[in-house]
Amino acid sequence: MSRLNIELPGLHLKNPIMPASGCFGFGREYSQFYDLSVLGAIMIKATTVEPRFGNATPRVAETSAGMLNAIGLQNPGLEKVLGAELPFLSQYDVPIIANVAGSLEEDYVEVARQISKASNVHALELNISCPNVKTGGIAFGTIPEIAKQLTRKVKAVSEVPVYVKLSPNVTNIVEMAKAVEDGGADGLTMINTLIGMRLDIKTGKPILANRTGGLSGPAIKPVAIRMIHEVSQAVGIPIIGMGGVETASDVIEYFYAGASAVAVGTANFVDPFVCPTIIQELPELLEKLGFVHISECTGRSWKEHGQLAYHRA
Amino acid sequence: MSRLNIELPGLHLKNPIMPASGCFGFGREYSQFYDLSVLGAIMIKATTVEPRFGNATPRVAETSAGMLNAIGLQNPGLEKVLGAELPFLSQYDVPIIANVAGSLEEDYVEVARQISKASNVHALELNISCPNVKTGGIAFGTIPEIAKQLTRKVKAVSEVPVYVKLSPNVTNIVEMAKAVEDGGADGLTMINTLIGMRLDIKTGKPILANRTGGLSGPAIKPVAIRMIHEVSQAVGIPIIGMGGVETASDVIEYFYAGASAVAVGTANFVDPFVCPTIIQELPELLEKLGFVHISECTGRSWKEHGQLAYHRA
Amino acid sequence: MISKELCKILSQKEIASDIYELTIEGELVSQITEPGQFVHIKVTNGLDPLLRRPISISSYDKEQKMLTMIYRKEGKGTSLLAELRAGMFVDILGPLGNGFPVEEVSKGDTALLVGGGIGVPPLYELSNQLVAKGVKVIHVLGFQTASAVFYEEEFLKNGETYVATVDGSFGRKGFVTDVMKELQFDCIYTCGPTPMLRAIEQNYQDKKVFLSLEERMGCGIGACFACVCKKKDDPTGASYKKVCSDGPVFQAGEVLI
Amino acid sequence: MISKELCKILSQKEIASDIYELTIEGELVSQITEPGQFVHIKVTNGLDPLLRRPISISSYDKEQKMLTMIYRKEGKGTSLLAELRAGMFVDILGPLGNGFPVEEVSKGDTALLVGGGIGVPPLYELSNQLVAKGVKVIHVLGFQTASAVFYEEEFLKNGETYVATVDGSFGRKGFVTDVMKELQFDCIYTCGPTPMLRAIEQNYQDKKVFLSLEERMGCGIGACFACVCKKKDDPTGASYKKVCSDGPVFQAGEVLI
Ligand SMILES: Cc1cc2nc3c(=O)[nH]c(=O)nc-3n(C[C@H](O)[C@H](O)[C@H](O)COP(=O)(O)OP(=O)(O)OC[C@H]3O[C@@H](n4cnc5c(N)ncnc54)[C@H](O)[C@@H]3O)c2cc1C
Ligand SMILES: Cc1cc2nc3c(=O)[nH]c(=O)nc-3n(C[C@H](O)[C@H](O)[C@H](O)COP(=O)(O)OP(=O)(O)OC[C@H]3O[C@@H](n4cnc5c(N)ncnc54)[C@H](O)[C@@H]3O)c2cc1C
Ligand SMILES: Cc1cc2nc3c(=O)[nH]c(=O)nc-3n(C[C@H](O)[C@H](O)[C@H](O)COP(=O)(O)O)c2cc1C
Ligand SMILES: Cc1cc2nc3c(=O)[nH]c(=O)nc-3n(C[C@H](O)[C@H](O)[C@H](O)COP(=O)(O)O)c2cc1C
Ligand code: FES
Ligand code: FES
């Protein structure tokens, strides 16, 4: 009997560990290292209607226990993702969560409508929080009403459950979470990156061509944990948590905070095997902590009994 | 000729390095290690009208390249600060920046009125951004209109220039900065801590008795740099920057971003000598980078000529 | 006087499972005033981990400028500390705080030293100094299990020594408080888990008791207000004590634990 | 096949000021296909620094399963790397990317190898392989100053070698491009600072030129899109190349530099 299987809207996860969007491409590179079927799910790189080249380089800069990125949603576009990337991934027994991005409402809706039809796409992750795109983006991620409306529009066309990815760069994340829940979101994914900047000591100028970038990695974990702790108490939909996860123990901490699954981003760059390693180490850690099933951990930080309704299959 | 002297409203700084509020108490402990007169200034612990014990312990938790604190503004109260702490500090040739806190507007105004009369208090730091106090605090730091009004009230009674300390836990920090500038602020100090949380893997509960705490240290530096970069371009008042400063090179990065002076917080706990060390290393670093005076560095990241009007004595 | 010094490691060995004995050499040893003081250690140059780690001084030798610590390998910091070898240098801030008052007992008196787990180490120097002063010492040391037991022979050299283990795998089965019941003494010095300290404070209100407290620390020198505890006589906390600079040792009844 | 392996350090020495030569032993050496490939190194277990560091393979020996790297001690990562000693282990991901095509020149041809600063190392293995193949090699190596010069004798063993320093303190005063003007050759292989690569691409459009590019990297394996460059024939970037997995070596004219 597995200690790790989790049931979420649209997702029968053999385990709650998945690579985070943008940190795993479309899986091809990591498939050199291990069988992608071991993963609970895969969150693929943001997809937009048209292909995007993204920002100029340098696109990454290292920070203390973190990194900044300003990729700018580079992706081959909806057509190629549908025609080549998703079919490639379909050889693996793993549900895909498609990260949907755009500049205008129509873009999101169009990508959602089409990509949600792909047989191996079991859920959408609505990326209203990318800090690295000049147009649109920001408003969707920071104004509750606009986020709610976008969620509703996307829900109307999507054939699979919709998870909305929240930005931490807001005064009141609970307000945002409730708004998208009202908009019909089936779940939340959080957090996206914090907006940050690094300057070159020699030139005085930003290291990133885009000037600002998204801060990820262990540095942001305390912020993510706190936000999930708050949001999970305020909404009735499940949360896929992320932000600096590197170990099985980090995963448990996210569950305690209120997450029902966890995504791993930056850590993949440090150790390509981080996801399978965590998956392998979780059962023993749960044993040690005295849990029969990982779902018991969800929300421990704020409630007596971790088990949430939507976990029971 | 000094490369380090800086002129700011109310402050003739022999150098732009000062310990950050709450990380240096009222100076007594660090006076065991070195002569406090070497410092550019000292930002003393937040002072409230009445003595405060603050939060239950544990009050601190370590995070990756950072720490969480939830001290809860513990301080001996206005009377004792005026009667014992400030007099103690008056033996040193160093301007004091008094960190003013409270729950209600009246509290802030009362502390400001009285403490600004102290002979060695050369400026106030209006702490509208403490994440660790239940009442009031938050609104002052997140709602522009309220921050502006409070600033105005405090300005009306203060006998020294008023710097307002901004919280990074907002969607739009530029809006906050402009509001307090409108309110009459003479300068800004930023950033205060990001709200974060850590959970105990064994108990599942928050490590801090207060549950959430303020995240400080190198982990938050990229967020601070980005915010100062944005705010310094939008306001006409000087900024004292802080967040994870540990080295002379960090100080220069803050100046490039747009700061005119820098405060050092958490690093004092790691190395009690960090401030004098930075002060001693700065001239050589400036030499190496080709600057005659540190004020030339201010704003380099966004403008050609670093020198700002209010630096010229 | 507190100093920050790069101290040379003279030896490091594992003396029980995950329990390490670390001896270093440094000028700061000359500043130690009492048993029970501690040092604050930066285990690496880098940011990982960021903060210092407080560890008690278990014994010292002023002539040799040596001090010894005994610590349990727990998390990141102590695990890295355990990797350091003789000849390497480690950044130490100290000596810190106020320790056990040796002057509170006189020649001929009997002092009971009660330690629990990693609370045992600071009692060793205390025991040595009390014995040197002609005080009769009785030791009661509590551990989880046999593999965690250390220094029982060292303590035995100084006087009667009772060891209790929670699982009974070594010495008496049970808690130190069970053993204490059967002993006669004039005064208690103790260090260990808070529940143990509470129990002792509770059971021996008639006796003079000195407790060494533990609290999560930031600065370790009294500046950050991380380690504050309330005074018994003033539960509002208007007046308070800092474990790092007023403690870690307090007399029972002085602070709320 | 890329692997992640804890490799044993066989030797590390400073061969010029702040320039280190590091030789390690590992199974992954068997996977190296061309000179000019690189590895991605995690210099510490901890989080400081967080990311891996890309370093070129300067030479390798498949029998001995040894590979050598030459790097400049710059910031945090390479400074920590420079502290590692023989016998220690280091976490290496590799071999990565596509290197210099040896098959592009034939026996009897003359190949010009042009390196600038820390762009010199990958050319050494290339030189060895070209010589083994019977190709005539000419080396032009540019450095800042005399103290930064390394490997000139090793290159000399393989063929004509010209060294230029910016300050003239060693060899010719000036840039490699000055020296190149006077030489005859069939094809160019080069690695170094971008301005140097641009100049060479510009001046030798008639020749076959292979350039090794540098870009800030995240994953190093093609997954994160950090190191992308545009293709010359498609400046919109709809089709693009990744320096880490398509490069670092490209033929002049292939990508925008
Ligand atoms: C005055 C004093 C004296 C001490 N003397 C000893 C001793 O002689 N031997 C010994 O083994 N231990 C001693 N401790 C406990 C020791 O400080 C912790 O075990 C150690 O800090 C754990 O660090 P870590 O990196 O292993 O754990 P981590 O979990 O990585 O530590 C994370 C953070 O929590 C803090 N922390 C974790 N546990 C404790 C704790 N129990 N007390 C205080 N802070 C903690 C750490 O200092 C660090 O800031 C003492 C503590 C205090 C306050
Ligand atoms: C394909 C490739 C091959 C390389 N081969 C060599 C070599 O053989 N010898 C050598 O000395 N150097 C080489 N470099 C450059 C080397 O990667 C950097 O000097 C090194 O990463 C600097 O790290 P640091 O910790 O010293 O500096 P830091 O300033 O601490 O680095 C901070 C971050 O910036 C990145 N970074 C800084 N400088 C560079 C740079 N020039 N190129 C790419 N990333 C950088 C680091 O990887 C790190 O992520 C190569 C780079 C690439 C892309
Ligand atoms: C290089 C990089 C690219 C990313 N691209 C995307 C993206 O396309 N869409 C998205 O929703 N999030 C993207 N993210 C954010 C991650 O999915 C994740 O939310 C964030 O990095 C925090 O997790 P981590 O700390 O484990 O990396 C990206 C992050 C990184 C580092
Ligand atoms: C233990 C601790 C106590 C603090 N107390 C205060 C305070 O009383 N008032 C205030 O304005 N900021 C307070 N701060 C915030 C610091 O002044 C500073 O803004 C923040 O820590 C970022 O700087 P750093 O990363 O260098 O620590 C405190 C920070 C710490 C770590
Ligand atoms: S640890 Fe800072 S006051 Fe005690
Ligand atoms: S470094 Fe990640 S794609 Fe090249």
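Bear in mind that the values here come from a model prediction, so they are computed numbers and not experimental data.

Calculation notes
Residues numbered from 1 in each chain as written. Chains lettered and ligands numbered in written order. Predicted model: local features only at pLDDT ≥ 70, side-chain atom pairs only at ≥ 80, totals over all residues. Heavy atoms only, no water. Helix = DSSP H or I, 4+ residues; strand = E, 2+ residues; numbered from the N terminus. Rg over C-alpha atoms; globule rule 2.2 N^0.38 Å. Buried < 20%, exposed > 50% of the residue type's maximum accessible area, 1.4 Å probe, protein only. Contact = heavy atoms within 4.5 Å. Areas by Shrake-Rupley, 256 points an atom, 1.4 Å probe, with all protein chains shown as cover. Arc of directions from axis to C-beta. Near = heavy atom within 4 Å. Polar contact = N/O pair within 3.5 Å; in protein donor to acceptor, adjacent residues only side chain to side chain. Nonpolar A, V, L, I, M, F, W, Y, C, P; charged D, E, K, R; others polar. Axes fitted to C-alpha atoms, helices over the stretch in contact; angles between N-to-C directions. Left-handed = near helix turned anticlockwise from the far one by under 90°. Least-squares fit on C-alpha atoms with pLDDT ≥ 70 in both.

Caption draft 1: View of the overall build of chain C. A tally of regular secondary structure across chain C gives five helices and 16 strands. At 18 Å, chain C has a C-alpha radius of gyration in line with the 18 Å of a compact globule built from 257 residues. Dimensions of chain C, computed from the C-alpha atoms along their principal axes, are close to 50 × 45 × 35 Å. Relative to its 257 residues, chain C shows a buried fraction of 58%. Look at the contacts in chain C between residues 6 or more apart in sequence, and 62% of them connect residues 24 or more apart. Taken as a whole, chain C presents about 10300 Å² of accessible surface, with 49% of it coming from carbon and sulfur.

Caption draft 2: Seen up close, helix α5 (residues 194–203) of chain C. All names here are of chain C. Among the residues of α5, those classed as buried are M196, L197, I200 and E201. Angularly, the buried residues of α5 cover 135° about the axis, an arc narrow enough to put them on a single face. Exposed residues lying more than 90 degrees from the buried face of α5 are P195 and Q202. Lining the buried residues of α5 we find β8 (110–116), α4 (176–180), β12 (187–191) and β13 (208–212).

Caption draft 3: Up close: the environment of T212 of chain B. Residues and elements named next belong to chain B. The residue T212 is located in the loop between β11 (194–196) and β12 (213–216) in this model. Overall, T212 belongs to the buried group, its relative accessible area being 13%. Along the sequence, T212 and D186 sit 26 residues apart, while their C-alpha atoms lie 31 Å from each other.

Caption draft 4: Representation of the site of ligand 2 within the structure. Taken together, 19 residues form the shell around ligand 2, and within it R53, P54, G75, G77 and T78 of chain D come nearest. Chain contributions to the surroundings of ligand 2 come from chains A and D. At 2.7 Å, a backbone N or O of G75 of chain D approaches an oxygen atom of ligand 2. In the environment of ligand 2, an oxygen atom lies 2.5 Å from a nitrogen or oxygen atom belonging to the side chain of T78 of chain D. Contact with the protein chains hides 87% of the accessible area of ligand 2, taken as 830 Å² for the molecule alone. For the shell around ligand 2, the residue count by class is seven nonpolar, four polar and eight charged.

Caption draft 5: Structural context of helix α2 (residues 105–115) of chain A. Residue and element names in this part refer to chain A. Taken residue by residue, α2 has E105, Y108, V109, V111, A112 and I115 as its buried positions. The arc that holds every buried residue of α2, seen down its axis, measures 165°, which confines them to one face. Buried residues belonging to α2 abut β4 (42–47), α1 (78–89), β7 (96–100), β8 (121–127), α3 (138–142) and α4 (144–157).

Caption draft 6: Broad picture of the packing of helix α7 (residues 248–257) of chain A against helix α9 (residues 274–289) of chain A. All names here are of chain A. Between α7 and α9, the least distance of the axes is 8 Å, while the angle of their chain directions is 65°. As for the relative orientation of α7 and α9, their crossing is right-handed in sense. Packed against α7, whose contacting residues are A248, S249, V251, I252 and Y256, the element α9 presents I278, E281, L282, L285, L286 and L289 at the interface. The residue inventory of the contact of α7 with α9, partitioned by class, reads nine nonpolar, one polar and one charged.

Caption draft 7: Local environment of the environment of S239 of chain C. All names here are of chain C. Tracing the backbone shows S239 in the loop between β14 (228–230) and β15 (240–242). In the structure, S239 is positioned ten residues away from C229 in sequence and 9.4 Å away in space, judged by C-alpha atoms. Setting aside chain neighbours within four positions, we find S239 in contact with K231 and D234.

Caption draft 8: How the structure looks around the relation of the copies chain B and chain A. Between chain B and chain A, the superposition needs a rotation of 180° and an axial shift of 0.0 Å, giving an RMSD of 0.0 Å. In the structure described here, the two chain copies are related by an operation that fits a two-fold rotation axis. When the interface residues of chain B are mapped onto chain A, 100% of them again fall at the interface, so both copies present the same face.

Caption draft 9: Representation of the site of ligand 4. Residue and element names in this part refer to chain B. The local shell around ligand 4 holds 22 residues, among which S21, K165, G217, G244 and T266 are the closest. Within the contact set of ligand 4, an oxygen atom lies 3.0 Å away from a side-chain nitrogen or oxygen of N99. Here an oxygen atom of ligand 4 sits 2.8 Å away from a polar atom, N or O, in the main chain of G217. For ligand 4, whose accessible area on its own is 610 Å², the fraction buried by protein is 98%. Residue composition of the shell around ligand 4, grouped by class: seven nonpolar, 13 polar and two charged.

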